[in-house]
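Fold and geometry: a report
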Amino acid sequence: MWINHCAQRMIGVLVLTLFSLVQSDVWAQSLTISTISAGSSSGQPVGGLGGIAVDAAGNLYIADSQQNAIKKITAAGILQPLAGSSSGASGNSDGTGANARFDGPAGIAVDATGVVYVADRGNNAIRKITPAGVVTTLSGQQIGAGQLSQPSAVAVDAIGNLYIVDSGNYAVKKMTPNGIASIVASIHTTYGWLNGIAVDGSGNIFVSDGVGPYVSVGATVGTNTIDKISPLGAVTVLAGQQGIFGAADGPGASAQFNEPMGLAVDAAGDIFVADEGNNAIRKITPAGTVTTVAGGGKEGFADGTGAQAQFNLPEAVVVDSSGTAFIADSDNKAVRRGIPAANTTSPVRFINMSTRGTVGPSTPMIAGFVITGSVSQTVLVRAVGPTLQQYGVPQPLVSPQLDLVGLAGAHLASSADGINTTNVQSAGALVGAFPLMIGGTDAAMVISLSPGAYTAEVSSQDGTSGSVLVEVYEVP
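A few points on the structure. Treat the numbers as computed from the prediction; the structure is a model and nothing was measured.

Criteria and cut-off values
- Residues numbered from 1 in each chain as written.
- Predicted model: local features only at pLDDT ≥ 70, side-chain atom pairs only at ≥ 80, totals over all residues.
- Heavy atoms only, no water.
- Pairing = 2+ DSSP bridges.
- Helix = DSSP H or I, 4+ residues; strand = E, 2+ residues; numbered from the N terminus.
- Buried < 20%, exposed > 50% of the residue type's maximum accessible area, 1.4 Å probe, protein only.
- Contact = heavy atoms within 4.5 Å.
- Polar contact = N/O pair within 3.5 Å; in protein donor to acceptor, adjacent residues only side chain to side chain.
- Axes fitted to C-alpha atoms, helices over the stretch in contact; angles between N-to-C directions.
- Phe/Tyr/Trp six-rings, centres within 6.5 Å; stacked < 30°, edge-to-face > 60°.

**Points about the pairing of strand β22 (residues 235–240)**
The pairing of strand β21 (residues 225–229) with β22 spans 5 bridges and is classified as antiparallel. Residue pairing across strands places Lys228 opposite Thr236, the latter belonging to β22. Linking β21 to β22, which pair antiparallel, is a turn of 5 residues; within it Gly233 sits at a positive phi near 95 degrees.

Laid out in structure tokens, this is it:
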């Protein structure tokens, strides 16, 4: 996969840099980690993260368990409130947006229509949120077999079946789109606690079986396995050793985990595990072979590839249609992005294109580019104006606005909606882009795009004229 340029009213000089990529087998298994949002962004602070989900449009949904709220990160990286108190107050009430109340929301999932489901652990309930932010409650009777007890995770399959980890009852439950509820399996383990859930395209269900909520991470008890439930309800251990803590990679029964939490399944059937106690993201093949694809061992906060990346108690993971992973890095209060090697392993890769020109009140600048191949690609797009002062460029554009447009003129994202500084800085550091001026009004966004043709359109927000540099980087 690589990105070519196409000329669409291009102004200035276009620069392409190509390189040959030599990779090892270890690198090929790794994720390259960058930070999307941390601490606070766009006026929306982030507390402790409990769960994460992604929809077909690339929007992320996060369960903020400390602030008792559900938040949304748009495909362009802007963090927005979706539902729950803006003050972090807990409660148990339905309503729209900030009028709804949650109590320690944990796992989260989104269906094909954009409806979000939340395991509201403190309220022993499953909550449903429409795209407009309207919150309602699914009762324990609706889920089947009586009341829920501390539900920790939810998952939705391709046809809309809802799966729930009913942790306090040591059960996995299912509700069909027409409301028929059943118990899929009961999993009783000594000192164990069911934490995360995922379902593959064949109807197999995967559950992380870790340490109970009243046993500290690193204790000498706990199950620490990833269990598989067949479509017929048979429960087997896919990977890990019951009652054994560790970080060993290898075939199923040889592998070890340390408090496995959230799970996700990609299109190939590989399972990703947020291995909280190991501060790592692990990957399990359908046959049960385990590898560590990011982080491992030492807690910290660092971007990078494979073991260079650092986490602090990663709580949940989700994978989009292109194989990009998104991680709820709980104690770092951050959302992290993990780009797989499969997206960047063609022998020749595009690294950067840039062009400089002049933008006026009625004369925008439009740069075109094409993504080829079969998988989506994450790109950093920048319209640099004020920062050009530091490089001696005369009369830079004071206030550039960047709009990204797809085929047939479809508007995809705009810097006018806000800029996630953390997202832009983290991606910029990974690709080697020069830093933007702190506090400046340069425009930028990080976004994942499917193969196709796109234009980056730059206009003047304040009606003045000036020079602007348009850049597109492949990440990583």
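**Brief notes about helix α3 (residues 421–431)**
Considered for burial, the residues of α3 that qualify are Asn423, Val424, Ser426, Ala427, Gly428 and Val431. Contact partners of the buried residues in α3: β3 (31–38), β30 (334–340), β34 (377–384), β37 (443–449) and β39 (466–475). Its side-chain oxygen 3.2 Å from the backbone nitrogen of Thr422, Asn420 forms the N-cap of α3. Gly432 sits one or two positions beyond α3 and adopts a positive phi of about 80 degrees.

**Observations concerning the sheet that holds β22**
Here 4 strands make up an open sheet; going across it, the order is β19-β20-β21-β22 and the pairing antiparallel. Across the chains shown, the open sheet's two edge strands, defined by having one partner strand only, are β19 (192–199) and β22. Looking at each pair of strands side by side, their axes are set apart by 30 degrees on average, direction ignored.

**Thoughts on the packing of aromatic side chains**
Overall, the coordinates contain 3 aromatic pairs when judged by the stated rule. Centre to centre, the rings of Phe369 and Tyr454 are 5.8 Å apart; their planes meet at 25 degrees, and the pair counts as stacked. Pair noted here: Phe369 is in strand β33 (residues 365–371) and Tyr454 is in strand β38 (residues 452–460), with a separation of 85 residues, a long-range link.

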